[in-house]
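# Chain and residue survey
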Amino acid sequence: TAVGARRGQTPVAQAGIANTGVVSGVVVDGATSRPIAGAVVYLTQSPRTPTGTAVRQISDARGRFVFAGLPPSGSLTLGASRPGYFDSQLRQFAQSGYSVQTLALAEGEWLRDVRLTLWKGGAIEGTIRDERGEPLAAIEVRSVAVVRVAGSDQLAAGPVGTTDDRGRYRISGLLPARYLV
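Below is a short write-up of the structure.

Rules used in this analysis
In this convention, every chain numbers its residues from 1, walking through the sequence in written order. Whole-chain, interface and lining totals are the exception, using all residues; otherwise, since this is a predicted model, local features are given only for residues with pLDDT of at least 70 and side-chain atom pairs are given and counted only at 80 or more. Only hydrogens and water are removed before side-chain values are computed, so all heavy atoms of the structure are retained for them. For the purposes of this entry, the term helix denotes a DSSP run of H or I that reaches at least four residues, the term strand denotes a run of E that reaches at least two, and both are numbered from the N terminus. By the convention used here, residues are in contact when the closest approach between their heavy atoms is within 4.5 Å. To be clear on the numbers: accessible area is Shrake-Rupley with a 1.4 Å probe, and residue cover counts the displayed protein chains and nothing else. When a carboxyl oxygen of Asp or Glu is within 4 Å of a side-chain nitrogen of Lys or Arg, the pair counts as a salt bridge. Burial here depends on accessible area, computed with a 1.4 Å probe over protein chains only, as a share of the maximum for the residue type. Under 20% is buried, over 50% is exposed, and the range in between is partly exposed. Classification of ring pairs uses Phe, Tyr and Trp, with its six-membered ring standing for Trp, and accepts pairs whose centres are within 6.5 Å; under 30 degrees between planes counts as stacked, over 60 as edge-to-face, and the remaining range as tilted. Here, a charge over a ring is recorded when the distance from Lys NZ or Arg CZ to the ring centre is within 6 Å and its angle to the ring normal is within 35 degrees. Two strands pair if DSSP finds at least two bridges between them. Inter-axis angles, ranging from 0 to 180 degrees, are taken between N-to-C directions of lines fitted to C-alpha atoms, where helices are fitted over the stretch in contact. For the purposes of this section, nonpolar cores are sets of buried Ala, Val, Leu, Ile, Met, Phe, Trp, Tyr and Cys residues that join through side-chain atoms within 4.5 Å.

All right, on to the overall build of the protein then. Looking only at helices and strands, one finds zero helices and 12 strands in the protein. Each helix (α) and strand (β) of the protein, taken in turn from the N terminus, gives the series β-β-β-β-β-β-β-β-β-β-β-β. Within the protein, residue pairs in contact and separated by at least 24 positions form 69% of the contacts whose partners lie at least 6 positions apart. For the protein, the accessible surface area stands at approximately 10,400 Å², while carbon and sulfur atoms represent 49% of it.

Time to look at the pattern of salt bridges. Should the charged atoms of two oppositely charged side chains come close, the side chains can pair. If you walk through the whole model with that rule in mind, you get seven salt bridges. Ionic contacts of the salt-bridge type, sharing partners, join the residues E125, R168 and R170 into one network.

The phi dihedral of S33 falls on the positive side, at around 65°, and the residue is not glycine. Residue placement: S33 occurs in the loop between β1 (21-29) and β2 (40-45). Phi at A138 is positive, roughly 60°, even though this residue is not glycine. Tracing the sequence through the fold places A138 in the loop between β8 (122-127) and β9 (140-149). Relative accessible area serves as the criterion here: at 62%, A138 is assigned to the exposed category.

All right, on to the packing of aromatic side chains then. Using the criterion set out here, one finds one aromatic pair in the structure. Aromatic side chains F65 and F67 sit 6.1 Å apart centroid to centroid with 55° between the ring planes, which places their arrangement in the tilted category. Summarising the burial analysis for this pair, F65 and F67 share the class buried. The ring of W110 carries the charged tip of R112 above its face, separated from the ring centre by 4.0 Å.

Turning next to the sheet that holds strand β5 (residues 73-81). Strand order in the open sheet formed by four strands is β3-β2-β5-β6, and the pairing between neighbours is antiparallel. With one partner strand each, in any of the chains shown, β3 (55-58) and β6 (103-105) form the two edges of the open sheet. Neighbour to neighbour, the strand axes of the sheet diverge by 30° on average, direction disregarded. The pairing of β2 with β3 spans four bridges and is antiparallel. Bridging across to β3, L43 finds its partner in V55.

Okay, the environment of V66 next. Structurally, the position occupied by V66 is in strand β4 (residues 64-70). A C-alpha to C-alpha distance of 6.7 Å links V66 and G25, two positions 41 residues apart in sequence.

Below, the discussion takes up the nonpolar core. Counting 20 residues, the largest nonpolar core has V23, V27, V41, F65, F67 and L78 as its most contacted members. Taken together, the elements giving at least two residues each to this core come down to β1, β2, β4, β5, β6 and β7 (110-118). Leaving out residues up to four positions away in the same chain, V27 has contacts with R34, P35, I36, A39, V41, S59, G63, F65, A80, L116 and L118.

Put into structure tokens, the structure is as follows:
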């Protein structure tokens, strides 16, 4: 049963509409494809569920989740979050970045094998030195993501780091993408 629902009660019930739909799937690590246990999986309808809140539950030891007793909807958004990972809303990684997708659910339909992929943040690190090989301190280092827009590569400003007294920098919390530094 979803968090906040009593046994036999569907938290997204709508008056006069049969609640027979089911959405089930698994939460996986984007790099390893291994299941992620303990992820908070949430389901919302556009604009929101009638109660004004998302229905949530925790993925089991094998990363699985099930939302049952759902009313038909043309616009369901499914997402997951877990500490150490970026949040996901049924996002599919592509060379050009992420795109949020919505699901449509008919009365009595069971959407099986929905896969929610969570990605850990990446990092870029290095050392900045002058022409004599001496480390440079307090130098601002910018990451620039290469993203695909309308069929061509574009540059998008990313996080910034600063070198320490040894000339070392680390820029963390990066989404999977190609970067220039």
